[in-house]
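For reference, the chains in residue letters:
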Amino acid sequence: MKYLYRIYQLIIALPLGLIATLITAIVTVVGCSVGKGHFWGYYPGHLWGRFIITVLLLPVKVEGRHLIEKKQSYVFVANHQGSFDIFLIYGYLNRNFKWMMKQSLRKIPFVGWACAKSKQIFVDKSGASRIKKTYEDARRTLQGGTSVTVFPEGARTYTGEMGSFKKGAFALADELQLPIVPITINGSFQVMPRTRDWHFVNWHRLHLTIHKPIYPTGQGSDNVQATMSQAYQSVASSLESDSKH
């Protein structure tokens, strides 16, 4: 079955995925240029994420969507197992948001162009002024009523183990007094670990667990540390055993 699945990927899934990515990028750029960036900056990517996972025949289980309110802005924080985290969250969180992403992703053909046009938030750490601009962009997004999604580990895991969280997203939520929503991803490491980028996809179930929002109980460094610790524990609590190795 493994080799039949690989043949399927080469003949069907890969060509369809490339075409879908190109179309998604073009639709996003054109739509955001015409207007209604809130719509065009999210829904093409949402459908793209679902399509990629569906065409690869990967089963998905989602829990906890009922815990988030429609009109509330959130800072979503998730563990970062692999590149399929993007498709899973985009396709199955079912919430309009902006990504906080690495500046280097801007260089990806078509995808980087679409991300820039849809005003995703690029994290540029090359200098103090650019770091400040990153947080100003995120602040404007959240104050405008849109949520943001962050991988607080800062990078994908090499081993499947969850790394420590960096405090940037939590400091931003603290400043604006917004709730943090922890998200646990399982299965993405098995589908395509970081050490096997651009290799064949492994068939494995994907599981997205949305946890109860963590509302601020104060403001300042104590609240930042408390929400970061609580979010870490929430994410870790739903990690499945085969995602930890």
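Our subject in this report is the structure included herewith.

1. Concerning the overall build of the chain
Thinking step 1. Scanning the chain for helices and strands turns up nine helices and seven strands.
Thinking step 2. Referenced to the eigenvectors of the C-alpha coordinate spread, the extents of the chain come out at roughly 55 × 45 × 35 Å.
Thinking step 3. Here the chain holds 245 residues, and the buried ones make up 48% of them.
Thinking step 4. The long-range share in the chain, meaning contacts at least 24 apart out of those at least 6 apart in sequence, stands at 75%.

2. Let's talk about the layout of surface pockets
Take a probe with the size of a water molecule and roll it over the atoms, and the empty space left behind shows itself.
Thinking step 1. Roughly 300 Å³ of volume is contained in the second largest pocket.
Thinking step 2. What lines the second largest pocket is a set of 14 residues, and nearest its centre among them are Arg106, Gln120, Phe122, Lys133 and Asp137.
Thinking step 3. Contributing elements (two or more residues each) for the lining of the second largest pocket: strand S4 (121–123) and helix H6 (128–143).
Thinking step 4. By residue number, the principal contributor to the lining of the second largest pocket is H6, which donates six residues.
Thinking step 5. In the lining of the second largest pocket, the residues fall into three nonpolar, four polar and seven charged.

3. Digging into empty space enclosed by the protein
Thinking step 1. All chains considered together, the criterion is met by two cavities of 30 Å³ or more.
Thinking step 2. Its volume calculated, the largest cavity comes out at about 40 Å³.
Thinking step 3. Grouping the amino acids of the lining of the largest cavity by side-chain chemistry returns two nonpolar, five polar and two charged.
Thinking step 4. Among the secondary structure elements, those contributing two or more residues to the lining of the second largest cavity are helix H7 (168–176) and helix H9 (221–237).
Thinking step 5. When residues in the lining of the second largest cavity are grouped by element, the largest group, three residues, is from H7.
Thinking step 6. Each residue belonging to the lining of the second largest cavity can be placed in one class, and the counts come to six nonpolar, two polar and one charged.

4. As for the packing of aromatic side chains
Thinking step 1. Summed over all chains, the structure comprises 16 aromatic pairs.
Thinking step 2. Geometrically, the ring pair formed by Tyr5 and Tyr8 is stacked, given 6.5 Å between the ring centres and 10 degrees between the ring planes. Within this pair, Tyr5 and its partner Tyr8 are both found in helix H1 (residues 2–34), separated by three residues, close to a single helical turn.
Thinking step 3. Since its relative accessible area comes to 21%, Tyr8 is described here as partly exposed.
Thinking step 4. Aromatic side chains Phe165 and Phe170 sit 6.1 Å apart centroid to centroid with 15 degrees between the ring planes, which places their arrangement in the stacked category.
Thinking step 5. With a relative accessible area of 10%, Phe165 lands in the buried category.

Cut-offs applied
Residues numbered from 1 in each chain as written. Predicted model: local features only at pLDDT ≥ 70, side-chain atom pairs only at ≥ 80, totals over all residues. Heavy atoms only, no water. Helix = DSSP H or I, 4+ residues; strand = E, 2+ residues; numbered from the N terminus. Buried < 20%, exposed > 50% of the residue type's maximum accessible area, 1.4 Å probe, protein only. Contact = heavy atoms within 4.5 Å. 1 Å grid on protein atoms, 1.4 Å probe; cavity = no way out; pocket = protein on both sides within 12 Å on 5 of 7 lines; lining within 4 Å. Points joined across faces, edges and corners; volume = space filled by probe spheres on them. Nonpolar A, V, L, I, M, F, W, Y, C, P; charged D, E, K, R; others polar. Phe/Tyr/Trp six-rings, centres within 6.5 Å; stacked < 30°, edge-to-face > 60°.

Function cannot be read off these values alone, since they describe shape.
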